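# Survey of secondary and tertiary structure
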Amino acid sequence: MDDPRAARRPGLPIEAIGLGQVVRGGRRLLDDISLAVRPGELVAIIGASGAGKTTLLETLAGVRRPATGTVRHDGRPAPDAAVGYVPQDDIIHQQLPLARTLRYAARLRLPAGTSPAEVDARVAEVLGVLGLTGRADTRVSSLSGGERKRASIAVELLARPRALFLDEPTSGLDPATAAELLTLLRALADGGVPVVLTTHNPPDVDRCDTVAVLAPGGRLVFAGPPAEAPGYFEAPDLAGVYGRLADAPAWPRSTTDAPPGEPAAGPAGKAPGALRQTALLTRRNVDILGANRLTLAILIGSPLVILAMFLMLFRAGAFDPAHPDPATTVMILFWIAFGVFFFGLTYGLLQICSELPILRREVFAGLRLGPYLAAKVAMLLPPLAAVDLLLLAVLRALDRLPSLPAREFAAIYLTALLASACALALGLLCSASVSDVAQASLLLPMLCFPQVLFVGAILPVPVMAPVGRALSYAMSNRWSFEALGHSAGLETLWRDGGSPLGPPLLATYGDSFAREPWPNWLILGGMTLLFLAGAVLVLRRRCGPSRGPRRG
């Protein structure tokens, strides 16, 4: 294993003074904690479940803002840009080979202008430090649990952090693998990098320089060498300390002295700009999508299945001016509007929630949310444009759409594309708002049903109840459906065609299809921007430094 001290910046002294965190309802999660971590120190935070270990770790790292008190990194307010933070969740995509995944992470974290050769050299160096060189070409999902944990640490080591924080790094690992990981962390600390971790595993603590013990209520009741903790708590061993924490009021509050100041390290270099981040993330998204064959097959196959159902459902010739079928024409246009909406919504709905832990860490490392969302749109909009065009072209070729001049067909296509883009943005907003794939899946029918009921196809907008009519303004499908109706010439077809159903049906729709499509396009475009802006705001709240409780 290579020397982890190589090419590393000076360690980061960390000072916490009077830290407090309060849960809603007034319960204290951290209570006036003062703690210092010196460069080269390996520190374990222990305590009963719910005592605030993760909250203290996040606050020390600068991931979470303290409600009261301050945290300083090298004498400056936290967070320092050179801090590494590894949560319990994996912070590495699992679809690509390990080395390729690390290259993408390195390009996001290393200064702009870093050459590809330098990126490759840094990735190779980190793989060597972590003993993963032989697994460089292995897909991350095929790594063992311990190897994936080391891979997450590798992501953080790419930018040569001056301090490293880990939330229960040995959780779920067998004793031998946990011991190997602690040996690695010990070596990193010996190289001058302060390492702080939370743990429930007493053998982990034995390898540390300092153990910080939290009592229920978030009180720091001991901070010192692990060998001294059992005697302080009158316990037979370190495991017995947990049983003594129930007597928390008996233990006085503990503090540690502030570390001596060190000269601040120079700037690491300017981070990649917004355009470079967008381009890099787009390439990574495409790479991940291409590696996930099942997801790719679903994205391509689901529109084809829906197209096949449309062809089986709707007969040819409904738009024939000599024998029009008004009821069928309105349903064809509605289901086209709903189909392109469904494509966009399902493409976007699972994109963010499945990688929130990775996104949180990358935002903490300097990723901007605008480029992140722009890269999602850049990856998903071209296939949406292709399936929308395929849908319309096949329906037109098989006489399920009217024979229109090129300009009118282009208008129908633009309406479909804008509707898909709007639904994609809505899907991304919802994906940003939930915590996992199961929640996103539950949202799907809740988002689709209103787009069926309040669009004006089943019941025309002019004859809806006032509340339904008001809701229809918020349905993107309404505006695409009405624009499609105008471009397809429904008014002329119904008024001048041979079907007696046309004029009465037209009367119930009022002026729904009378307007030119461009105002509807503006509405769809505005809703798209609104949903994307909402997604940025939601992600800023979920991924930025925050207040409030987190687990253990």
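Just above, that's the structure.
For the structure given in this document, a descriptive report is provided here. Here the structure is a predicted model, which is why all the values come from computation and not from measurement. (Residues numbered from 1 in each chain as written. Predicted model: local features only at pLDDT ≥ 70, side-chain atom pairs only at ≥ 80, totals over all residues. Heavy atoms only, no water.)

### A word on the overall build of the protein
Here is the rule we go by: Only DSSP runs of H or I reaching four residues or more are called helices, and only runs of E reaching two or more are called strands; each is numbered from the N terminus. A 1.4 Å probe rolled over the protein chains alone gives each residue an accessible area, and that area as a share of the maximum for its type sets the label: buried under 20%, exposed over 50%, partly exposed in between. Here, residues are in contact when the closest pair of their heavy atoms is within 4.5 Å. Surface exposure here means Shrake-Rupley accessible area, sampled with a 1.4 Å probe, where a residue is shielded only by the protein chains that are shown.
Of the regular secondary structure elements, the protein holds 20 helices and ten strands. Taking all 552 residues of the protein together, the buried fraction comes to 53%. Restricting to contacts in the protein with at least 6 residues of sequence separation, those with at least 24 account for 76%. When the accessible surface of the protein is split by element, carbon and sulfur atoms take 62% of a total near 22,500 Å².

### Comments concerning unusual backbone geometry
Notably, Asp-32 is not glycine yet its phi reads approximately 55 degrees, a positive angle. Within the secondary structure, Asp-32 sits in strand 2 (residues 28-37). Classification of Asp-32 as partly exposed rests on a relative accessible area of 41%. A positive phi angle is found at Asp-74, which is not glycine, with a value near 60 degrees. With respect to the helices and strands, the residue Asp-74 is situated in the loop between strand 4 (68-73) and strand 5 (76-77). Asp-74 gets classed as buried once you look at its relative accessible area, which sits at 8%.

### Remarks on the sheet that holds strand 4
Put simply, the rule reads: By this definition, two strands are paired if DSSP reports at least two bridges between them. Lines are fitted to the C-alpha atoms to define the axes, a helix being fitted only along its stretch in contact, and any angle between axes, read from their N-to-C directions, falls within 0 to 180 degrees.
Read from one edge of the open sheet, four strands run 2-1-4-5, paired in antiparallel fashion. Where the open sheet ends on each side, the last strands, each with one partner, are strand 2 and strand 5. Bridge count between strand 4 and strand 5: two bridges; the pairing is antiparallel. Of the residues in strand 5, the one forming a bridge with Arg-72 is Pro-77. Packed onto the sheet, helix 1 (residues 53-61) meets strand 1 (14-22), strand 2 and strand 4 and runs at close to 130 degrees relative to strand 1.

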